[in-house]
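Architecture and fold: a report
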Amino acid sequence: MLATLRKHPPGLAVLFLTETWERFSYYGMRALLVLYMTETLLLPQNTATVIGYSSLHASLERVFGPLSIQAMSSHIYGMYTGLLYVTPLLGGWLADRVLGKRRTVQVGGVLMAIGHFLMAFGSWFFLALLCIIIGNGCFKPNISAQVGDLYPTTDNRRDSAFSIFYVGINLGAFVAPAICGTLGEVYGWHYGFFAAGIGMLIGLAVFQYGGRYLAPEVRPRRDGRDAVARRSSPGDRRSMAVLCVIAFVLTFFWAGYEQSGNAVVLWVRDFTDRSFFGLFDIKVTWFQGIAPFLIFALTPVLLVIWSRLAHQGREPGPVAKMVIGCFIGGLAYFVLSAAALMGGGDAHVSWLWSISYFVLLTVAELLVSPVALSVFSRVAPVRAASMMMGVWFLSGALGNYFAGIIGSYWERLPKPVFWSGLAIVCCATGVVLLALKPTIDSMIAGKGANAQRAAPSS
């Protein structure tokens, strides 16, 4: 990985490390969130002190009927993670029109750090979530867009750059459950949340120090005339429309995928034998580090495979990779369905079933998320790059919100039925993408041809 990184601009290493620490903070808090809510925060004797809880609880019950602690937890999880992906639209707009990418990233990092520290105080739970939601919206689209800014449109290193950047995301996500999760489970939830806040401050320091290595900042036009002119182009409008379709379709993949931080946590806690060959019990939060570990372990392997296939002229296109990823995601949930059938009732099954699930889900993610990020970076109009990154994150917003609603049925449905339904959702997403493949491939090819014509000759 280090050898590959040396072939790229030094700014990629800065963005890599910044994202690593930001994801450490996010996934450290996420690993604890459902456990914290179901085991402590939402217990009847504690909810009276949580500002805003009674109003939210009453509102949700008017729509969904009586909600158990687990169902309420799932709804909060879905709304929180969903809003995390809505606010990047605001962050993209702020960067494109007002602050620029760098300042917007800095504002977002400060807000997220404040939110993580506020999580140490149960009464301020929802204010803490709000700070993290808004901060994430400022941070995420603009850190991703700056990766694309490091390369010309025709630079073939762009796809591998996003794969490397994705390793940074998952390096932080791997370390976080081991540190924040262990602190939270063993010493107290608030210690884990505090560690997440420290991680965010480290990420901000890296970004500030390494700013000189990033691409030159294109200052936004405050009158917005450049952006309006760009949007008036029929080609740009068509590009944006195609990206919106991709984002909407992948919403349903994310609705299935995000159960890994919701219902899967409860599956590991309540239906999994976590004894590691009789030596010790595996912590529930540690399972959240499996997928990130596999991502940075498998990414170099995939890069080698794609390189060899490209050399032979047989590398699958971006849409084909995403289709394959959706079907593999479906297979991951069929594995859990099989485990639930074999376990039957409340019996505990081997933790190896969960490992198999995470392996398959990780491969699926690697074939969907970094590939889609690269497509958005390549196809989006230049002056709307951050805004279209916001649209990409909006796909995750809807997917996460749907994941919260789906997860609220965890206690009501037989576990094989629950997991099989998620498998069908992922596979159906792949079928729809396959049907759209000719249109999307044509758009990507046209964008590449235009870039080649626009490039100066040597």
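Worth saying up front: this structure is predicted, and the values here are computed from it rather than measured. (Residues numbered from 1 in each chain as written. Predicted model: local features only at pLDDT ≥ 70, side-chain atom pairs only at ≥ 80, totals over all residues. Heavy atoms only, no water.)

Quick look at the packing of aromatic side chains
For any pair of aromatic rings, the description consists of the separation of the ring centres together with the inter-plane angle of the planes. Here is the rule: The aromatic pairing rule takes the rings of Phe, Tyr and Trp, using the six-membered ring of Trp, and pairs them if the centres are within 6.5 Å, calling planes under 30 degrees apart stacked, those over 60 edge-to-face and the rest tilted. Going along the chain from the N terminus, every DSSP run of H or I of four or more residues is numbered as a helix, and every run of E of two or more is numbered as a strand. In this scheme, a residue with accessible area under 20% of its type's maximum is buried, one over 50% is exposed, and one in between is partly exposed, where area comes from a 1.4 Å probe on protein chains only.
Applying the stated criterion to the full structure yields 28 aromatic pairs. When the centroid spacing of 5.6 Å and the interplanar angle of 20° are considered together, the rings of Trp267 and Phe271 count as stacked. Taken together, the positions of Trp267 and Phe271, both in helix H13 (residues 263-271) and four residues apart, correspond to about one turn of that helix. The pair Trp267 / Phe271 is uniform in exposure class, with both members buried. Each ring, one from Trp267 and one from Trp419, has its centre 5.9 Å from the other, and the planes form 90°; the classification is edge-to-face. Of this pair, Trp267 sits in helix H13 while Trp419 sits in helix H18 (residues 415-454), and the two are 152 residues apart along the sequence.

Comments concerning the environment of Leu12
With respect to the secondary-structure elements, Leu12 resides in helix H2 (residues 10-41). Linking Leu12 and Ala215, residues 203 residues apart in sequence, is a C-alpha distance of 9.8 Å.

Looking at helix H10 (residues 189-209)
For clarity, the threshold we go by: For a helix, the expected span equals 1.5 Å multiplied by the residue count minus one.
A rise of 1.5 Å per residue sets the reference length of H10, with its 21 residues, at 30 Å; its end C-alpha atoms lie 31 Å apart and thus fit the reference within 8%. Trp189, Gly192, Phe193, Ala195, Ala196, Gly197, Gly199, Met200, Gly203, Leu204 and Phe207 are the residues of H10 that are buried.

Details of the confidence of the model for the chain
The condition is simple: pLDDT measures the predictor's confidence residue by residue and takes values from 0 up to 100. Pairs of residues are marked as contacts when any of their non-hydrogen atoms sit within 4.5 Å.
Per-chain confidence: the chain averages 83 in pLDDT, with 89% of residues scoring 70 or above. Contacts from residues 226-232, a stretch scored under 50 in pLDDT, to residues over four places away or in other chains number ten contacts. In the model, residues 451-458 has pLDDT below 50 throughout and makes three contacts with residues more than four positions away in sequence or in other chains.

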